[in-house]
Amino acid sequence: MTSRGRTAAKLEHLQESWIREMTRIALDCGAVNLSQGYPDFDPPREVREAAAKAVLEGPNQYAVTWGLAELREAITANLKRRYAPHFDWLDADLHITITCGVTEGIVAALMAVADPGDEVIIIEPAHENYTPAVHFAGATPVYMPLLPPDYALDAERLRAAVTPRSKAVILNTPHNPSGRVLTRDELQAVADICIENDLVAVTDEIYDRILYDGREHIPLATLPEMAGRTITVGGLSKTFSITGWRLGFFVAQEPWATGTRTIHDFTTICAPTPLQAAGVVAYSLGEDFYARQLEDYHERRDLMMEILSQTGFTAVNTPEGAYYVMAGYEEWNYPGESNDFAVWLAKEVGVAVVGGSHFYNTPGLGQREVRFAFAKKLDTLEQARDRLLKGLETRR
Ligand SMILES: Cc1ncc(COP(=O)(O)O)c(C=O)c1O
């Protein structure tokens, strides 16, 4: 006999990730997968070798809950060096915790910060994981859009989204899916609003090593008076092309440091220990690794932009960071909205992308554009070009 029970009410707001659904569709129909944001090339060899060695020789048991000391120390040293004199306060024993990816970091941060009745402002378009994280905390998401084509942050609009119930704001830069990198002035506007209204900022900085055309990443926590009210969430997934390893971290002062650690402790105990050991080797890679990687990403971005312009897509903007671009599909003469188009494109043309509407909750936004992820081999992008050119022919 089946149970007559029902699942928790919070699930009524949630559905499975469409980004990951598009990957399943791509696998089913053999499409070139430009939907989910993961590389189809290998992580650095020395990092893979370190993981193999750690599995063979240990450590293989639980790490201390907040992460392997060597990895916390490596990330701490990295942040202090990169952003000196900011993060001088950061003590690897107290303020940093290794998580199972940024995904867990965001959930832990929100569960530690927000209560039922609180509101959390999500700046959108946004990574699909933020809304579920707010619901897991029992709080209410409030959406504040960045509007195409420039996706600039409108400070007055953000200020207007704040209410007496607002507790936190989630911010992502470099930004998925728009490729925007927020300027210092835009970040200062966010900081001012957080300070004026006593909000906590939860920042997703997973693309902090992928910025184009000489731009430099600015962590919100380095702005005046922000270190104590920011939970900085970062990750290894994108920087070292190890999305399957599930390694991320958060950095925060008290009371957020202990609060987030407590949630992390009872949800996962710790991130995979041997992979944390290999993470130490990843952080020992020198600046030449990042420079070479960035050159490769410039090449991929430029090729992606060229392909879009040749295959009937109109890029909304040129990505300034991360590895995504939103593009309109007017020339394809497809009447449906973006999700239908994305599924059709995967099945009929053999290229998988993600419908733009999945990144918004504000009705009407993202319905006529799709997101391309270009962290792919140049060959993969070329294959996509061939298929898109053939597909477009059939629509003219
Ligand atoms: C903005 C953003 N945050 C978080 C994630 C997931 O990160 P992780 O693999 O560290 O959980 C992604 C993955 O695409 C992302 O684009």
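Owing to the predicted nature of the structure, the values given are computational and were not obtained by experimental measurement.

J.: Can you walk me through the environment of asparagine 333 in this structure?
T.: Along the chain, asparagine 333 falls in the loop between strand S10 (324-328) and helix H11 (338-349). A tally of 10 C-beta atoms within 10 Å means that asparagine 333 is categorised as exposed. In this structure the C-alpha to C-alpha distance between asparagine 333 and leucine 34, which are 299 residues apart in sequence, comes to 21 Å.

J.: What is the right way to read the pairing of strand S5 (residues 166-172) from this model?
T.: Within a regular strand, the side chains alternate between the two sheet faces. Burial runs high along S5: seven of the seven residues are buried. Direction of pairing for strand S3 (residues 119-124) relative to S5: parallel, over a ladder of four bridges. Across the sheet, isoleucine 121 pairs through a bridge with valine 169, a residue of S5. Two strands pair when backbone bridges link them, and S5 and strand S6 (residues 200-204) are joined in this way by five bridges, in the parallel orientation. If you follow leucine 171 over to S6, its bridge partner there is threonine 203. Taken together, S5, helix H7 (residues 184-197) and S6 form a β-α-β motif whose crossover is right-handed.

J.: Please clarify how the pairing of strand S7 (residues 230-235) should be interpreted in this entry.
T.: Burial analysis of S7 places six of its six residues in the buried class, the great majority of the element. The alternating pattern of S7 places Thr230, Thr232 and Gly234 and Ile231, Val233 and Gly235 on opposite faces, both of which are buried. Examined bridge by bridge, S7 and strand S8 (residues 248-251) share four bridges and lie antiparallel to one another. The residue of S8 that forms the bridge with valine 233 is phenylalanine 250.

J.: What exactly am I supposed to notice about the site of the ligand here?
T.: The full set close to the ligand counts 13 residues, and Gly101, Val102, Thr103, Gly235 and Ser237 are the nearest of them. Among the elements that line the shell around the ligand, the one with the most residues is helix H4 (residues 101-113), at three residues. The class makeup of the residues in the shell around the ligand is two nonpolar, ten polar and one charged.

J.: Quick question: what am I supposed to make of the packing of helix H10 (residues 287-310) against helix H12 (residues 378-393) here?
T.: The description of two helices packed together rests on the angle between their axes and the distance between the axes. Close contact between H10 and H12 brings their axes to 10 Å; oriented N to C, the two are set at 5 degrees. Taken together, H10 and H12 sit at an angle that is classed as roughly parallel. Listed contacts from H12 to Glu299, Arg300, Leu303, Met304, Ile307 and Gln310 of H10 are Leu378, Leu381, Ala384, Arg385, Leu388 and Leu389. Residues belonging to the contact of H10 with H12 are distributed by class as follows: eight nonpolar, one polar and three charged.

J.: I would appreciate a short explanation of the domain arrangement of the protein chain in the present structure.
T.: Bring the parts together and some accessible area is lost; that lost area is often taken as the interface size. Domains assigned within the protein chain are domain 1 (9-43 + 288-393) and domain 2 (46-283). Placing a centre on the C-alpha atoms of domain 1 and another on those of domain 2 gives a separation of 24 Å. Taken together, the contact pairs 33 residues of domain 1 with 34 residues of domain 2. Among the secondary structure elements, those contributing two or more residues to the side of domain 1 that touches domain 2 are helix H1 (18-29), H10 and S10.

J.: Would you mind going over the sheet that holds S6 with me for this structure?
T.: Pairing between the strands of a sheet is mediated by backbone hydrogen bonds and can be parallel or antiparallel. Taking strand neighbours across the sheet as the criterion, the seven strands line up as S2-S8-S7-S6-S5-S3-S4 in an open arrangement whose pairing is mixed. The open sheet has two free edges, formed respectively by strand S2 (96-99) and strand S4 (140-145), since each of these has just one partner strand. Sheet twist, expressed as the average angle between the axes of neighbouring strands with direction ignored, equals 20 degrees. Of the strand pairs in this sheet, S2 and S8 are connected by four bridges, and their pairing is antiparallel.

Reading the values: rules and limits
Residues numbered from 1 in each chain as written. Predicted model: local features only at pLDDT ≥ 70, side-chain atom pairs only at ≥ 80, totals over all residues. Helix = DSSP H or I, 4+ residues; strand = E, 2+ residues; numbered from the N terminus. Buried ≥ 20, exposed ≤ 12 C-beta atoms within 10 Å, placed from the backbone. Pairing = 2+ DSSP bridges. Right-handed = clockwise from strand over helix to strand, strands pointing away. Near = placed C-beta within 6 Å. Nonpolar A, V, L, I, M, F, W, Y, C, P; charged D, E, K, R; others polar. Axes fitted to C-alpha atoms, helices over the stretch in contact; angles between N-to-C directions. Parallel < 35°, antiparallel > 145°, perpendicular 65-115°, else oblique. Contact = placed C-beta atoms within 7 Å. Domains from an automatic or database assignment.

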